[in-house]
Amino acid sequence: MQQGYGMTEASPGVLMATREGATAHPVSVGVPHFFTDVAMVRDGEVVPVDAGPAELLVRGPDVFAGYRGRPEDTLDGWFRTGDVLTVAPDGWATVVDRVRDMSISGGENVYPAEVEAVLLAVDGVVGETGVGFVQPGEGVDLDPDALREHLTAHLARYKVPRRIVITGELPRNATGKPRRTELRATAEGLT
């Protein structure tokens, strides 16, 4: 089995884990396809590919020219994917999160996927996102203060949600991923 990264706008794909190296990079989506150029952008500036988390840009003969009336989705001929990746010095890329899901806390970028991974390591947690919406496992009683302590022990302080809400069930899409737009709306309604 091999992993890859693609999108309709860059048919058939952008990155692919090759047989050589896939074992050494088990969570990576691979290296660029042939005829596909990649670059990274952070805060509107193109940065070196291995400069840490940044938005993936793609171009090539298989990448479409852009959405009509949405020039912000392209940057000097590059298509902005909206996905944040990291690229190791050997060129293997890993997906971090979506740009629109990133928040800023203490002047630093916070990616929900990193916070989720730490919370999901707690026994009894079966789901969470953003403000810190947590879905406990069946019959499990979770303490928001204990969860914050766990996060503080494993993440930089600015990444720890200011508020954790225990919820009966997270809204999910057809593939089982939390519907973050609904959770954002719920979070905005909290006082």
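What counts, and at which threshold
- Counting restarts for each chain, with residues numbered from 1 along the sequence as it is written.
- Where totals are concerned, whole chains, interfaces and linings use all residues; where local detail is concerned, this predicted model gives features only for residues with pLDDT of at least 70, and gives and counts side-chain atom pairs only at 80 or more.
- Computation of side-chain values: all heavy atoms of the structure, hydrogens and water removed.
- Going along the chain from the N terminus, every DSSP run of H or I of four or more residues is numbered as a helix, and every run of E of two or more is numbered as a strand.
- Here the term buried applies to any residue with accessible area under 20% of the maximum for its type, exposed to any over 50%, and partly exposed to those in between, with areas from a 1.4 Å probe on protein chains only.
- We call two residues contacting when some pair of their heavy atoms lies within 4.5 Å.
- The protein chains shown are the only cover counted for residues, whose accessible areas, like all others here, come from Shrake-Rupley with a 1.4 Å probe.
- Whenever a nitrogen or oxygen atom comes within 3.5 Å of another N or O atom, the pair is scored as a polar contact, on the condition that within protein one atom can donate a hydrogen and the other can accept it, and that pairs from neighbouring residues in sequence are kept only if both atoms are in side chains.
- DSSP bridges decide pairing: two strands pair if at least two such bridges lie between them.
- Grouping buried Ala, Val, Leu, Ile, Met, Phe, Trp, Tyr and Cys residues that are joined through side-chain atoms within 4.5 Å yields what is termed a nonpolar core.
- By convention, a stacked pair of Phe, Tyr or Trp rings (six-membered ring in the case of Trp) has centres within 6.5 Å and planes under 30 degrees apart, an edge-to-face pair has planes over 60 apart, and any other such pair is tilted.
- Our definition puts a charge over a ring when NZ of Lys or CZ of Arg is within 6 Å of the ring centre and also within 35 degrees of the ring normal.
- To count toward a patch, a residue needs a relative accessible area above 30% and no salt bridge. Like charges then connect within 9 Å, nonpolar side chains (Val, Leu, Ile, Met, Phe, Trp, Tyr) within 5 Å.
- Definition used for salt bridges: Asp or Glu carboxyl oxygen within 4 Å of a side-chain nitrogen of Lys or Arg.
- Counted as positive: Lys and Arg. Counted as negative: Asp and Glu. His and the chain ends are not counted at all.
- By convention, the charge on Lys lies at NZ, on Arg at CZ, on Asp at CG and on Glu at CD.
- Fitting a line to C-alpha atoms yields each axis, with helices limited to the stretch in contact; the angle taken between N-to-C directions then spans 0 to 180 degrees.
- By definition, any crossing whose near helix is turned counterclockwise from its far helix by less than a right angle is left-handed, and any crossing with a clockwise turn is right-handed.
- Under the grouping applied here, Gly and all other residues not named as nonpolar or charged are polar, the nonpolar ones being Ala, Val, Leu, Ile, Met, Phe, Trp, Tyr, Cys and Pro and the charged ones Asp, Glu, Lys and Arg.

1. Observations regarding the overall build of the protein chain
So, step 1. Within the protein chain, the regular secondary structure consists of four helices and 14 strands.
So, step 2. In terms of overall dimensions, the protein chain has a C-alpha envelope of 55 × 40 × 35 Å along the principal axes.
So, step 3. Residue burial in the protein chain is summarised as follows: out of 191 residues, 37% are buried.
So, step 4. Partitioning the contacts of the protein chain with sequence separation of at least 6, the portion at a separation of at least 24 is 47%.
So, step 5. When the accessible surface of the protein chain is split by element, carbon and sulfur atoms take 52% of a total near 11200 Å².

2. Quick word on the side chain of Q135
So, step 1. Mapped onto the fold, Q135 is located in strand β13 (residues 133-136).
So, step 2. Within the structure, the side chain of Q135 is placed 3.1 Å from the backbone nitrogen of L170, a separation counted as a polar contact.

3. Structural notes on the sheet that holds strand β3 (residues 31-32)
So, step 1. With respect to topology, three strands assemble into an open sheet ordered β1-β2-β3, the strand pairing being antiparallel. Looking along the sheet, the strands with just one partner apiece sit at the ends: β1 (4-5) and β3.
So, step 2. In terms of strand pairing, strand β2 (residues 15-16) meets β3 through two bridges, oriented antiparallel. Within β3, the residue paired with L15 across the bridge is P32.

4. Overview of the nonpolar core
So, step 1. One finds Y5, V14, L15, M40, L56 and L85 to be the most contacted residues of the largest nonpolar core, which totals 16 residues.
So, step 2. For this core, the secondary structure elements donating two or more residues are β6 (54-59) and β8 (78-87).
So, step 3. The residues touching M40, leaving out its near neighbours within four places in the chain, are E45, V46, V47, P48, V49, A54, E55, L56, L57, L85 and V87.
So, step 4. V110, V115, V118 and L119 belong to the second-largest nonpolar core, a separate cluster that totals 13 residues.

5. Some details on the packing of aromatic side chains
So, step 1. In the structure shown here, the tally under the stated rule is four aromatic pairs.
So, step 2. Judged by centre distance (5.4 Å) and plane angle (80 degrees), the rings of F34 and F35 are edge-to-face.
So, step 3. Given the relative accessible area of 68%, F34 is considered exposed.
So, step 4. The class of F35 is exposed, set by a relative accessible area of 64%.
So, step 5. An aromatic cluster of at least three residues, connected via ring pairs, comprises F64, Y67 and F79.
So, step 6. The ring of Y67 carries R70 above its face, with NZ or CZ at 4.1 Å from the centroid.

6. A short note on a negative patch on the surface
So, step 1. A surface patch of negative charge is lined by D141, D143, D145 and E149.
So, step 2. Examined against the element boundaries, D141 turns out to sit in the loop between β13 and α3 (144-154).
So, step 3. The class of D141 is exposed, set by a relative accessible area of 76%.

7. What about the packing of helix α2 (residues 112-119) against α3?
So, step 1. Where α2 contacts α3, the axes come no closer than 10 Å and their chain directions differ by 115 degrees. Between α2 and α3 the crossing geometry is right-handed. For the pair α2 and α3, the contacting residues are V115, V118 and L119 in the first and L147, H150, L151 and H154 in the second.
So, step 2. When its residues are assigned to classes, the contact of α2 with α3 shows five nonpolar, two polar and no charged.

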